[in-house]
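Structural overview for review
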Amino acid sequence: MKKVVNIKSVTIGEGLPKICVPMIGKTLLELAEEANFLRNLDFDVVEWRVDFFDDVTEIDRVKEALETIRRILTDKPIIFTFRSSKEGGQKELAVEAYFQLNRAIAETKLVEVIDVELFNEEKAIKDLVNIAHGNGIAVIISNHDFNKTPAKKEIISRLCKAQELGADIPKIAVMPTCSEDVITLLDATRIMNEKYADRPIITISMDGKGIISRVSGGLFGSALTFGAAKKVSAPGQISAVDLRNIIKLLHDNAQNTDC
């Protein structure tokens, strides 16, 4: 039986895929406005993409912004994510600064999940995972390939590596160049889910070609998908409202048949 991840009232890895929406405000005021807008939206989890935040290098300012978000979104689980520029993010931090930021936020206990990029030094990742878990925080270990869709075997290998490093939720997002790439991602998801994963996984094929993976990924084993609230944080995101309706329609009509 696979593990599930419980964050506040949300269980990832059980039932329909959960919907996560991004917050990408550059200032404290913009973040407060975003958070207030989200209060009336139907979604499960919010991801604060802190790499959009102007003052991300000042940890005290990051904490202040996080406290503001938490006061407004009291009941919603928060994923804290600094996405590096090499993986599609807005900024770059030195390695030590990246881990220092994530450690500091984990120790606030104001978020439910932190996102750690897979392509970092293994010991640093494991140490951060231990700190997060010690503070009751789950960890996504992620990889984002904005250039291509790796071979099926490589996608599975990266997800397995994230699992080995202690991720509560391994994640991969890849860029398709053709329809076959989307099929590759979805079948890798199926194989990982059926043969190797003992916990929830997240997989995404990005851009317009990959939209089908965002709405149907749950049928192949992906436990969470990303939708847009006001502005997208990655190519191919669609409205969270539309996403909820489509996912429900697909799963209501899916037939549980064996091959």
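Residues numbered from 1 in each chain as written. Predicted model: local features only at pLDDT ≥ 70, side-chain atom pairs only at ≥ 80, totals over all residues. Heavy atoms only, no water.

Using the following cut-off: UniProt positions are given in the numbering used here, feature names are shortened, and annotations may be inferred rather than shown by experiment.
Under an unreviewed UniProt entry, the name given to the protein is 3-dehydroquinate dehydratase, and the source organism is Clostridium tanneri. You can read under Sequence similarities (unreviewed entry) in the UniProt record for the protein the words "Belongs to the type-I 3-dehydroquinase family." Its UniProt record gives the protein a comment under Catalytic activity (unreviewed entry), which states: "3-dehydroquinate = 3-dehydroshikimate + H2O".

Regarding the overall build of the protein
Spelled out, the test is: Secondary structure elements are defined from DSSP: runs of H or I of at least 4 residues count as helices, runs of E of at least 2 residues count as strands, and each element is numbered from the N terminus. Atoms counted for the radius of gyration: C-alpha only. Globule rule: 2.2 Å times residue count to the power 0.38. Relative accessibility thresholds used throughout: buried, under 20% of the residue-type maximum; exposed, over 50%; partly exposed, between the two (1.4 Å probe, protein chains only). The accessible surface values rely on the Shrake-Rupley method and a 1.4 Å probe; as for residues, cover is taken only from the protein chains in view. In this charge count, Lys and Arg are treated as positive and Asp and Glu as negative; neither His nor the chain ends contribute. We put the charge of a Lys on NZ, of an Arg on CZ, of an Asp on CG and of a Glu on CD.
Looking only at helices and strands, the protein features eight helices and 10 strands. Here the C-alpha radius of gyration of the protein, 17 Å, is about what a compact globule of 259 residues would show, namely 18 Å. Along the three orthogonal principal directions, the C-alpha set of the protein runs to about 55 × 40 × 35 Å. Within the protein, the proportion of its 259 residues that are buried is 54%. Per element, the accessible surface of the protein, about 11,700 Å² overall, is 49% carbon and sulfur. Charge separation in the protein, taken as the distance between the mean sites of 34 positive and 38 negative side-chain charges, equals 2 Å.

Points about the packing of helix α2 (residues 59-72) against helix α3 (residues 95-108)
A pair of packed helices is captured by two measures, namely the crossing angle of their axes and the spacing between those axes. Where we set the bar: As a rule, the C-alpha atoms of each element are fitted with a line to give its axis, helices using only the stretch in contact, and angles between N-to-C directions run from 0 to 180 degrees. Angular relationships are summarised with four words: roughly parallel below 35 degrees, roughly antiparallel beyond 145, roughly perpendicular across 65 to 115, and oblique for the angles in between. Take the far helix as your reference; a near helix turned counterclockwise from it by less than a right angle gives a left-handed crossing, and one turned clockwise gives a right-handed crossing. Whether two residues are in contact is decided by their heavy atoms, any of which lying within 4.5 Å being enough. By the convention adopted, Pro, Cys, Tyr, Trp, Phe, Met, Ile, Leu, Val and Ala count as nonpolar, Lys, Arg, Asp and Glu as charged, and the other residues, Gly among them, as polar.
Running from N to C, α2 and α3 cross one another at 40°; their axes reach a closest spacing of 11 Å. Accordingly, the angle class assigned to the pair α2 and α3 is oblique. Regarding α2 and α3, the two cross each other, and that crossing is right-handed. Here I59, V62, K63 and L66 of α2 lie close against α3, whose contacting residues are Q100, L101, A104, I105 and T108. Looking at the contact of α2 with α3 residue by residue, the classes come out as six nonpolar, two polar and one charged.

Describing the environment of T11
Short version of the rule: Here a polar contact is taken to be a pair of N or O atoms separated by no more than 3.5 Å, where protein atoms must pair a possible hydrogen donor with a possible acceptor and residues adjacent in sequence count only if both atoms sit in side chains.
With respect to the secondary-structure elements, T11 resides in strand β2 (residues 10-12). By relative accessible area, which is 17% here, T11 ends up buried. Each C-alpha atom of the pair T11 and C178 lies 33 Å from the other, and the pair is 167 residues apart in sequence. Residue contacts for T11: discarding those within four places in its chain leaves V4, V5, N6 and K18. Only 2.7 Å separates the side chain of T11 from the side chain of N6, close enough to count as a polar contact.

What to know about helix α7 (residues 211-220)
Every buried residue of α7 is listed here: S213, R214, V215, S216 and G217. Buried residues in α7 make contact with α6 (179-196), β9 (202-205), β10 (224-226) and α8 (240-253).

As for the sheet that holds strand β8 (residues 169-174)
Just so we agree on the cut-off: Pairing between strands requires that DSSP locate at least two bridges from one strand to the other.
Pairing within the open sheet is parallel, and its eight strands lie in the order β9-β8-β7-β6-β5-β4-β3-β10. The two strands at the open ends of the sheet, each matched to only one other strand, are β9 and β10. The average angle at which neighbouring strand axes cross in this sheet is 25°, direction not considered. Sheet analysis places strand β5 (residues 78-81) next to strand β6 (residues 113-117), joined by three bridges and oriented parallel.

Describing the side chain of D181
Definition in use: For salt bridges, the criterion is a side-chain nitrogen of Lys or Arg within 4 Å of an Asp or Glu carboxyl oxygen.
For D181, the position within the fold is in helix α6. No salt bridge is formed by the buried D181. Its closest oppositely charged neighbour is K209, at 8.3 Å. Once residues lying within four places of it in the same chain are set aside, the contact partners of D181 are T149, M175 and P176.

Description of the pattern of salt bridges
Applying the stated criterion across every chain, the model contains 21 salt bridges. Where R244 meets D42, a salt bridge forms, and the shortest distance between an N and an O atom there is 3.0 Å. In this pair, R244 sits in helix α8 while D42 sits in the loop between α1 (28-38) and β4 (45-49), placing the two residues 202 residues apart along the sequence. When the shortest N-O distance is used, the salt bridge between K148 and D145 registers 2.9 Å. When its relative accessible area of 42% is taken as the criterion, K148 is described as partly exposed.

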